[in-house]
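Chain residues, written in single-letter form:
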Amino acid sequence: MKTIITRMAASCMCLAVSSSISALEFTGYMRSGIGASMQGGGQSCFQLPGAESRYRLGNECEQYAELELRQDVLSMDDGSVLSVGGMASFFNEYDRSFEFQGENGAVRMPQLYGTWANLPSLNGGSLWAGRRYYKRNDINISDFYYWNQSATGVGIEDFSLGGLNYSYAVSRKDNLYQERYVTRQDFNISGFETNPNGKAEIGFSYINKSSASDAHAGWSVTAQHEQRQFFGGVNKFALQYGEGPGTGLGFTGNVRLDDSSKRYRLVEFFDWQTTSRFGGQAAFVYQKDVSQQGRDQNWISLGLRPTYAILEQFKLIAELGHDRVEAPGGTRKLSKVTFAPTWSPKGSQFWARPELRLYYTYARWNAAAQRAANTLAQGSALSHTGKFGSARHGANLGLQVEYWWN
């Protein structure tokens, strides 16, 4: 540690600025569309109560955009670079006016941070401070961020030593919507070479007990393997465990939970691109929640999105998703299927964007899912008070564009 501090001090003395600073970088993401229920009126999306996510294709009921700016401001003689970045996000539900306030959406600043990258004292690692997206791992077809350490804090990222990369962060708030400030510490080690084209990473998070009288400490651990060149894509397999507030499994969970509350999770997903025209993504999630309050539940999720390009710029996309939650009151079930003829001007591959999709989505759920929705999600598509009333099936038709750029 003394050696590291000495090297960092030496880096701080290298403040000579080179004459070349990179141009402003502008990246972003957006999705927008219109949709209608086959029962009449606006689109209503399908999500099973107790499931952490829903399968997205033809099942998103909001306009959303992220606009990010990043600028290198100082380039040092030692090769390190100081930069700043920020992101604005825009959210609004379908059938709402574009006012972005009150019930008509919101504008937020989810990222605002500075980094000092490529530090010789950290063997190419970085220092950062601010509010930022940090070490986010997600399943694209369900938008499920199963391991997400985003936060407002400070950290050392990817300090290289002995062929491995070490990262440490201390944060006080995960996101804008976290009610209480809580100190969380995240420690990650990546770069374990396990097999050809395969690497593993482990992470540990500790959540300190806050000052509130009903708060508790918690922790979580995640191990993940990533396999490259897997049928032209990537396979990821993760095992996670957490206790108390650590049941967030990366982010800060409910601080009122003690160590009798536990969560186990297994995640397996992969994308493939076996030919220039045929690609897709498949996912499986198993999650078990244990609680002494009698709220034990198991969540199982299975999804598949294959894409086939019949022309260089025209794809046929389908998505099948099934969620099952075993909980008090019965086993809840939801299945959905979507078919989407899609214009893809950037090409035929699965990840090519933008995409303009015309979609039809059909979903079916059981009585236990409807009872749970009546209690936990009143007014949602699955509830008696939702778009489809007492029926246990429904359908939507719509048009959506999705685009990201960098």
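Parameters at a glance
Residues numbered from 1 in each chain as written. Predicted model: local features only at pLDDT ≥ 70, side-chain atom pairs only at ≥ 80, totals over all residues. Heavy atoms only, no water. Disulfide = S-S within 2.5 Å. Helix = DSSP H or I, 4+ residues; strand = E, 2+ residues; numbered from the N terminus. Pairing = 2+ DSSP bridges. Phe/Tyr/Trp six-rings, centres within 6.5 Å; stacked < 30°, edge-to-face > 60°. Buried < 20%, exposed > 50% of the residue type's maximum accessible area, 1.4 Å probe, protein only. Lys NZ or Arg CZ within 6 Å of the ring centre and 35° of its normal.

**Q** Honestly, the state of the cysteines in this entry has me stumped. Any pointers?
**A** A covalent bond between the sulfur atoms of two cysteines is referred to as a disulfide. Counted by the stated rule, this structure contains 1 disulfide. Covalent S-S linkage joins C45 and C61, the inter-sulfur distance amounting to 2.0 Å. With the S-S bond torsion at 105°, the cross-link from C45 to C61 turns out right-handed. Residue C45 is located in the loop between β1 (25-37) and β2 (62-75), and its partner C61 is located in the loop between β1 and β2; the two are separated by 16 residues in the primary sequence.

**Q** Looking at this structure, I do not really get the pairing of strand β9 (residues 164-173). What am I missing?
**A** For a regular strand, the rule is simple: side chains alternate between the two faces of the sheet. With 8 bridges connecting them, strand β8 (residues 151-161) and β9 associate as antiparallel partners. When the sheet's bridge partners are listed, G155 is paired in β9 with A169. Taken together, β8 and the strand that follows it, β9, pair antiparallel across an intervening segment of 2 residues, in which G162 is found at a positive phi of about 65°. Pairing analysis gives 7 bridges linking β9 to strand β10 (residues 184-195), with the strands arranged antiparallel. Its bridge partner lying in β10, S171 is registered against R184.

**Q** How do you make sense of the packing of aromatic side chains when you look at a structure like this?
**A** Think of a pair of aromatic rings as described by two things: how far the centres are apart, and how the planes are tilted against each other in angle. Throughout the structure, instances matching the rule amount to 21 aromatic pairs. Centroid distance Y29 to Y64: 6.5 Å. Interplanar angle 50°. Geometry classified as tilted. Highlighted residues: Y29 in strand β1 and Y64 in strand β2, separated in sequence by 35 residues. We classify Y29 as buried; its relative accessible area is 13%. Seen in terms of ring centroids, Y403 and W405 are 5.2 Å apart; in terms of plane orientation they differ by 35°. Their pairing is tilted. A residue is classified by how much of its surface remains accessible, and Y403, at 26% relative accessible area, is partly exposed. Grouping aromatic residues by their ring pairs yields a cluster made of Y29, Y64, F350, W351 and W404. In this structure, R132 packs its charged tip against the face of Y113, placed 5.6 Å from the ring centre.

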